[in-house]
Amino acid sequence: QVQLVESGGGLVQAGGSLRLSCAASGRTFSNHPMGWFRQAPGKEREFVAAITSSGGSTYYADSVKGRFTISRDDAKNTVYLQMNSLKPEDTGVYYCGVRLSPGADFGSWGQGTQVTVSS
C-alpha cells in the first residue's frame, strides 16, 4: 500500500520561506512522477508543481513560478517543495501525490501539511 507523509508546514510572514517534504513508502517511487497540490479553505485542490520520474523536468503553476522549486531525492524516497517569497494567497493545506501509471491522475494523498502566510 502506498503511503505519503507530508511535513514542513507552518506559520510564516509574507516574504518568508518554507520547505515541505513528502516521504513515500510502500513501493519504490523513483520510476514515478510526483506532484504537489494545495487546497485553500472553500476552494478545490489545485496543482502547484510536478517533477518527472528522472527529475529532469519540472512543471509549475503560473502562480508559483519563480518562487517555488520542486525536487526529489530518490535514495530517500522523498520529494521536496522549496517555497520562497511566500504570499498570503499561498495559504492552504499542501498535499503530495504520485502518478502510479502513465496517464493516470496524481493520487495516494497523505494527510497534508498546513501552510499559513500572514500579511
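The structure this text deals with has already been given above.
Residues numbered from 1 in each chain as written. Predicted model: local features only at pLDDT ≥ 70, side-chain atom pairs only at ≥ 80, totals over all residues. Heavy atoms only, no water.

Asker: Break down the environment of S30 for me, with residues and values.
Answerer: As for its position among the elements, S30 is in the loop between β3 (18-25) and β4 (34-39). Accessibility expressed as a relative area gives 24% for S30, which makes it partly exposed. As for S30 and S71, which are separated by 41 residues in sequence, their C-alpha atoms are 12 Å apart. Setting aside anything within four residues of it in sequence, one finds S30 in contact with S53, R72 and D74. (Helix = DSSP H or I, 4+ residues; strand = E, 2+ residues; numbered from the N terminus. Buried < 20%, exposed > 50% of the residue type's maximum accessible area, 1.4 Å probe, protein only. Contact = heavy atoms within 4.5 Å.)

Asker: Describe the state of the cysteines, and please don't skip the residues or the numbers.
Answerer: According to the stated counting rule, one finds one disulfide in the structure shown. Two residues share a disulfide in this structure: C22 and C96, whose sulfurs sit 1.8 Å from each other. Judged by the torsion about the S-S bond (50 degrees), the C22/C96 disulfide is right-handed. In this pair, C22 is assigned in strand β3 and C96 in strand β9 (residues 92-98), connecting sequence segments 74 residues apart. (Disulfide = S-S within 2.5 Å.)

Asker: Outline the packing of aromatic side chains, listing residues and values.
Answerer: In this description, a pair of aromatic rings is defined by centroid distance and the angle of the planes. If you walk through the whole model with that rule in mind, you get four aromatic pairs. An angle of 75 degrees between the planes, with centres 5.6 Å apart, marks the rings of F37 and F47 as edge-to-face. With F37 in strand β4 and F47 in strand β5 (residues 46-51), the pair connects residues that are ten residues apart, well separated along the chain. Residue classification places F37 among the buried residues on the basis of a relative accessible area of 12%. One aromatic cluster is present, formed by F37, F47, Y95, F106 and W109 through successive ring pairs. In this structure, R45 is placed above the aromatic ring of Y95, and the distance from its NZ or CZ to the ring centre is 4.2 Å. Seen from the ring of W109, R45 lies directly overhead, with NZ or CZ sitting 4.2 Å from the centre. (Phe/Tyr/Trp six-rings, centres within 6.5 Å; stacked < 30°, edge-to-face > 60°. Lys NZ or Arg CZ within 6 Å of the ring centre and 35° of its normal.)

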